[in-house]
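Remarks on the overall topology
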Amino acid sequence: MIVTLILAFIFLAPIWINFRDKPVERSPHQTEVIVQQEGDGFLYKVDASAVRAGDEAEVRESLLHIIEPIAGYVTSDRVQTVQDSHHNVVAYKVWVHR
């Protein structure tokens, strides 16, 4: 009887109890992020395809949203766009520090 109750709890509890053990949602677009150490901070190079287009504040927020899962909480010092020969933005260089 006790064994039946324990097994029922093990298999039925996740249906009614939220244990908050779901995996973290990942971005559907996997992006390449290149990290280099620059002085006392780091330089992150992020593909432009992963960044939401918008004004400068939206771009910075999107870049931090991409970088923070890798680096933890960081502060952005400077952002520079990398353009191809046709002046299309292909990547962003972001200098950050903790």
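Residues numbered from 1 in each chain as written. Predicted model: local features only at pLDDT ≥ 70, side-chain atom pairs only at ≥ 80, totals over all residues. Heavy atoms only, no water.

Focus on the sheet that holds strand β1 (residues 33–38)
Just so we agree on the cut-off: Strands qualify as paired when DSSP identifies two bridges or more between them. The helix count covers DSSP runs of H or I at least four residues long, the strand count covers runs of E at least two residues long, and both are numbered beginning at the N terminus. For helices, the fitted line uses only the C-alpha atoms of the stretch in contact; every axis is such a line through C-alpha atoms, and the angle between N-to-C directions lies from 0 to 180 degrees.
Within the open sheet, the four strands sit side by side as β1-β2-β4-β3. Their pairing is antiparallel. Edge positions in the sheet fall to β1 and β3 (75–83), since each of these pairs with one other strand and no more. Strand after strand, the sheet turns through a mean of 20° between neighbouring axes, direction not considered. Pairing of strand β2 (residues 41–47) with strand β4 (residues 89–97) involves six bridges; the strand directions are antiparallel. Each residue of the ladder has a partner; that of K45, found in β4, is K93.

A word on the pattern of salt bridges
Short version of the rule: A carboxyl oxygen of Asp or Glu within 4 Å of a side-chain nitrogen of Lys or Arg is what we treat as a salt bridge.
On inspection of all chains with the given rule, the structure shows one salt bridge. In this structure, the salt-bridge partner of E56 is R60, at a minimum N-O distance of 3.5 Å. Highlighted residues: E56 and R60, both in helix α2 (residues 56–71), separated by four residues, approximately one helical turn.

Structural notes on the pairing of β4
Taken together, the eight bridges between β3 and β4 define a ladder with antiparallel strand orientation. Within β4, the position partnered with S76 by the bridge is V96. Between the end of β3 and the start of β4, which pair antiparallel, lie five residues, with H87 showing a positive phi angle near 65°.

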